[in-house]
Amino acid sequence: WPFHTWSPVGHVAAPTAVSMIHAGVLMKIGAFGVLRLGIFLCPEGWRYWAELMGVLATVGIVYGALAGLRQTDLKFVIGYSSVSHMGIVGLGLATVSLEGVNGAVFQMFSHGIISPMLFLIAGVIYDRAHTREIAGFGGLADRLPEYTGMTGLAFMASLRLPGLAGFVGEVLVFLGGFGAANHGFRVLVAVGALSVIITAAYYLWTMQRMFLGKLNEKWAGLWDMNWRERATLYPLAAITIILGVWPTPIFNLINTSLHAL
């Protein structure tokens, strides 16, 4: 089995705040550099290497999803999902099509909202239980209903459920790849689309193991979300829902530059 299972024992994981900033901001800097430097300044070179970049992005999409399925630590599940989702950005940029690049930029923004939300959710449970081992929980929905609902919303957004922000950018990337001048991208889109099934598998499996079934009595003393956590998570959740049904404000911001490109 080539997909490693990482354990927090012996590995130093970043604090929750650092993970949120890294996933929400820093991971996008590389993609922004590709867009502004690779495509804007070197368009012929980018088009020459676009197919190879699309292949590498697709490998990242599928590998990140399969590795996420293998994890036992909630934070590492989220981390590998971020690798997979940033591969969607790379594939959209590689298509060099209006729909694909539009979708990639929107995916950068939506992932910058959803991924910090997920890392904060992992941090909330770790703050209470001092563990993120998925198999060690069970039945938390009875004890932490508000936290369970917020986790379910974040998971659904990350697995690209229609009506939430994670869906909009990805479907544009796939449409852009399928309609690209280079028909080889159709194969990459078909392979990349498999990650949707795998992503749904590891998120739903995580929900089942952590929140459904009988409550593990070890966690009977856990408490639900406090106001500090609500003040952080609820605005992110609201943006995720609003942009899922009304993404026009973001597209209005980015379309001028992308149409010129």
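Residues numbered from 1 in each chain as written. Predicted model: local features only at pLDDT ≥ 70, side-chain atom pairs only at ≥ 80, totals over all residues. Heavy atoms only, no water.

An account of the packing of helix α2 (residues 43–70) against helix α3 (residues 74–95) is requested, with residue identities and associated values reported.
Remark: α2 packs on α3, axes separated minimally by 7 Å, with the N-to-C direction vectors making an angle of 160°. In this view, α2 runs roughly antiparallel relative to α3, as classed from their interaxial angle. For the pair α2 and α3, the sense of crossing is left-handed. In this structure, α2 contributes Trp46, Ala50, Met53, Gly54, Ala57, Thr58, Gly60, Ile61, Gly64, Ala65, Ala67 and Gly68 to the contact, and α3 contributes Val77, Tyr80, Val83, Ser84, Gly87, Ile88, Gly90, Leu91, Leu93 and Ala94. Class assignment for the residues of the contact of α2 with α3 results in 14 nonpolar, 8 polar and no charged. (Axes fitted to C-alpha atoms, helices over the stretch in contact; angles between N-to-C directions. Helix = DSSP H or I, 4+ residues; strand = E, 2+ residues; numbered from the N terminus. Parallel < 35°, antiparallel > 145°, perpendicular 65-115°, else oblique. Left-handed = near helix turned anticlockwise from the far one by under 90°. Contact = heavy atoms within 4.5 Å. Nonpolar A, V, L, I, M, F, W, Y, C, P; charged D, E, K, R; others polar.)

Describe helix α6 (residues 145–158), listing the residues and the values that go with them.
With 14 residues, α6 should cover 20 Å at 1.5 Å per step; its first-to-last C-alpha distance of 20 Å lies within 8% of that length. Within α6, burial applies to Tyr147, Thr148, Met150, Thr151, Gly152, Ala154, Phe155, Ala157 and Ser158. Contacts from the buried residues of α6 go to α3, α4 (98–129), α5 (140–143), α7 (165–178), α8 (184–211) and α9 (227–245). Of the residues one or two after α6, arginine 160 is the one with positive phi, at around 70°. (Expected span 1.5 Å × (residues − 1). Buried < 20%, exposed > 50% of the residue type's maximum accessible area, 1.4 Å probe, protein only.)

Hey, could you go over the packing of α4 against α7 for me, with residue numbers and the actual values?
It is the contact of α4 with α7, at a shortest axis distance of 7 Å, that shows an interaxial angle of 155°. The orientation of α4 relative to α7 falls into the category roughly antiparallel. Regarding α4 and α7, the two cross each other, and that crossing is left-handed. Taking contact as the criterion, the partners of Glu99, Gly100, Gly103, Ala104, Phe106, Gln107, Ser110 and Ile114 in α4 are, on α7, Ala165, Gly166, Val168, Gly169, Glu170, Leu172, Val173 and Gly176. A breakdown of the residues in the contact of α4 with α7 according to their chemical character gives 7 nonpolar, 7 polar and 2 charged.

Explain the nonpolar core to me, and be specific about the residues and the numbers.
Core analysis: the largest hydrophobic core is formed by 41 residues, its most contacted members being Leu74, Met117, Ile125, Leu140 and Tyr147. Listed by contribution, the elements that provide at least two residues to this core are α1 (16–39), α3, α4, α6, α8 and α9. No other element matches α4, which puts 11 residues into this core. If we ignore the near neighbours within four places in the chain, the residues touching methionine 117 are Met150, Leu153, Ala154, Leu233, Leu236, Ala237 and Thr240. Ranked by size, the runner-up nonpolar core spans 21 residues in total, among them Ala31, Leu35, Trp46 and Leu172. (Core = buried A, V, L, I, M, F, W, Y, C linked by side-chain atoms within 4.5 Å.)

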